[in-house]
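# Architecture at a glance
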Amino acid sequence: MLEETLPLATVTVLAVLEQAYFSLQVINARRKFSVSAPATSGPPEFERVFRAQTNCSEYFPIFISVLWTAGVFFSPGLSSVCGLLYLYGRFRYFHGYSESSQGRLAPLYFSAHVLWALIGLSSLGIVLSFFRFYLDFQLGSALNLF
Amino acid sequence: MLEETLPLATVTVLAVLEQAYFSLQVINARRKFSVSAPATSGPPEFERVFRAQTNCSEYFPIFISVLWTAGVFFSPGLSSVCGLLYLYGRFRYFHGYSESSQGRLAPLYFSAHVLWALIGLSSLGIVLSFFRFYLDFQLGSALNLF
Amino acid sequence: MLEETLPLATVTVLAVLEQAYFSLQVINARRKFSVSAPATSGPPEFERVFRAQTNCSEYFPIFISVLWTAGVFFSPGLSSVCGLLYLYGRFRYFHGYSESSQGRLAPLYFSAHVLWALIGLSSLGIVLSFFRFYLDFQLGSALNLF
């Protein structure tokens, strides 16, 4: 069981490292554009970096939840591959958004599609597990008749 | 073990779908009130929708953490029922807040009470598990005397 | 397995309680400085409390992810001790930031170091688990030769 979740744990640590990287970019942008905490507004260049990081942070727990649900109830391998694609999409989103508001859109749609794929795999895994559990129960009851 | 967590996984996926729904409402509000990213301030109608979504996002990982702790250490069924009530409360909170600041309060208190119930169930489950573990150990030591 | 994760579940519930405490402080600050929702800007005293809570919320899911990865794949005891240190650092960060922007820095660096320690333990645990899994497999294949 634990071995099967190793790829999921690996993707989780990579996701944390990516968030740490985004946080460092915000610290750099605060210095570069002289926006001292607690302020979060400033030149659009700063605000785009700040909002890119906030958006990635907001989606982090959603991503981790469906990564593990899809991984445990459907397939750890397929879920981890989707996880890596998601992290790649978020990396491109962050740098696209840092350059222009328009630049965030293509990688944002890509990340959203990967997230929907993970939601789909999670749902499929849950439905299949319900059926398996229910059929085992039915089979067990049927066998008890003999 | 895995079968017992199926209701928790189901509530988790429903919570993710609810967050996706809230995000789409923010995208609609951005269009309706012409507030382009990265801006997050605008007319109060927009700011209420934006803050409602931010607040739900902020509580999402806290909710998922206590949902699973209460579910694994106390009762997956009771925890999942609380989870569904929480998601219902958050749905009413989002739409109440979208209409007026006052409208967010009743469902916010409701969600907070459900969250406290989940924190209570988690704590109870952890304390009971500690006792069970400690008593098993004690019993084991006592049996070794014979 | 479940007993081993009890300290991690305990730290998780404590982390949730700490977030609840921070949220109550923001509600108090909203009253004290007359900043009604949905507004999030106001006097610097309010903005510091608000940003302190937002920053802690943002790091909450990252912290929970590495707490459990380090706990399950390396050591639940060591990971829980790091977890308690992190929560202590965040408590000091919140109160330091509430007083002055400068006051947030020392406890922020402390929390960041503890988080990096948890990322290190997670990575080490994952690498060791990969090797153990691979070596068991290798040993299994070698034994099949006899």
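So, here's what we can say about the structure.

Take the relation of the copies chain A and chain B next. Once chain A has been moved 0.0 Å along the axis and rotated by 120°, it coincides with chain B to within an RMSD of 0.0 Å. The superposition of one copy onto the other is thereby described by a three-fold rotation axis. No C-alpha of chain A lies nearer the rotation axis than that of A:Pro61, which sits 3.4 Å from it.

Before going further, it helps to spend a moment on the interface of chain A and chain B. Contacts between chain A and chain B engage 23 residues on the former and 23 residues on the latter. The interface formed by chain A and chain B holds zero salt bridges in total. In this structure, the connection of chain A to chain B is made through three residue pairs in polar contact (both at pLDDT 80 or more). Counting only elements with at least two residues in the side of chain A that touches chain B, the list comes to helix H2 (44-73) and helix H4 (105-144) of chain A. Broken down by element, the residue count for the side of chain A that touches chain B peaks at twelve residues, all from H2(A). Its residues placed into classes, the side of chain A that touches chain B shows twelve nonpolar, six polar and five charged.

Quick look at the relation of the copies chain A and chain C now. Once chain A is rotated about the relating axis by 120° and shifted along it by 0.0 Å, it coincides with chain C to within an RMSD of 0.0 Å. A distinct binding surface is used by each copy, with only 4% of the interface residues of chain A retained as interface residues in chain C.

Here we take up the environment of B:Glu99. With respect to the element layout, B:Glu99 can be found in helix H3 (residues 76-99). Sequence spacing of B:Glu99 and B:Ser80 is 19 residues, and the spatial spacing of their C-alpha atoms is 29 Å.

The next thing to look at is the packing of helix H1 (residues 6-32) of chain B against helix H2 (residues 44-73) of chain B. All names here are of chain B. Where H1 meets H2, the closest approach of the two axes is 9 Å, and the angle between their N-to-C directions is 170°. Compared by their axis directions, H1 and H2 come out roughly antiparallel. Considering only residue class, the contact of H1 with H2 consists of 18 nonpolar, seven polar and one charged.

The partner chain C presents 23 residues to the 24 residues of chain A that form the contact. Applying the counting rule to chain A against chain C returns zero salt bridges. There are three residue pairs in polar contact (both at pLDDT 80 or more) connecting chain A and chain C. Elements represented by at least two residues in the side of chain A that touches chain C include exactly helix H1 (6-32) and H2 of chain A. Considering each element in turn, the side of chain A that touches chain C owes the most residues, eleven residues, to H1(A). Residue composition of the side of chain A that touches chain C, by class: 13 nonpolar, nine polar and two charged.

On the surface, a cluster of nonpolar side chains totalling about 360 Å² of accessible area is made up of A:Leu14, A:Leu17, A:Leu84 and C:Trp116. Residue placement: C:Trp116 occurs in helix H4 (residues 105-144). Taking relative accessible area as the criterion, C:Trp116 reaches 45% and is therefore assigned partly exposed.

Compared with an ideal rise of 1.5 Å per residue, which puts 30 residues at 44 Å, H2(A) spans 43 Å between its outermost C-alpha atoms and is within 8% of the ideal. The element H2(A) is largely enclosed, with a buried count of 26 among its 30 residues.

The next point concerns the nonpolar core. Grouped together as the largest cluster of nonpolar side chains are 75 residues, with contacts concentrated most on A:Phe63, B:Phe63 and C:Phe63. Residue contacts for A:Phe63: discarding those within four places in its chain leaves A:Val11, A:Ala15, A:Gly83, A:Tyr86, A:Leu87, A:Leu115 and A:Leu118.

Now for the side chain of B:Ser129. Residue position: B:Ser129 is located in helix H4 (residues 105-144). Among the polar contacts listed, one links the side chain of B:Ser129 to the backbone oxygen of B:Gly125, at a separation of 2.8 Å.

What counts and how
- Residues numbered from 1 in each chain as written.
- Chains lettered and ligands numbered in written order.
- Predicted model: local features only at pLDDT ≥ 70, side-chain atom pairs only at ≥ 80, totals over all residues.
- Heavy atoms only, no water.
- Least-squares fit on C-alpha atoms with pLDDT ≥ 70 in both.
- Contact = heavy atoms within 4.5 Å.
- Salt bridge = Lys/Arg side-chain N within 4 Å of Asp/Glu carboxyl O.
- Polar contact = N/O pair within 3.5 Å; in protein donor to acceptor, adjacent residues only side chain to side chain.
- Helix = DSSP H or I, 4+ residues; strand = E, 2+ residues; numbered from the N terminus.
- Nonpolar A, V, L, I, M, F, W, Y, C, P; charged D, E, K, R; others polar.
- Axes fitted to C-alpha atoms, helices over the stretch in contact; angles between N-to-C directions.
- Parallel < 35°, antiparallel > 145°, perpendicular 65-115°, else oblique.
- Patch = residues over 30% accessible without salt bridge, like charges linked within 9 Å, V, L, I, M, F, W, Y side chains within 5 Å.
- Areas by Shrake-Rupley, 256 points an atom, 1.4 Å probe, with all protein chains shown as cover.
- Buried < 20%, exposed > 50% of the residue type's maximum accessible area, 1.4 Å probe, protein only.
- Expected span 1.5 Å × (residues − 1).
- Core = buried A, V, L, I, M, F, W, Y, C linked by side-chain atoms within 4.5 Å.

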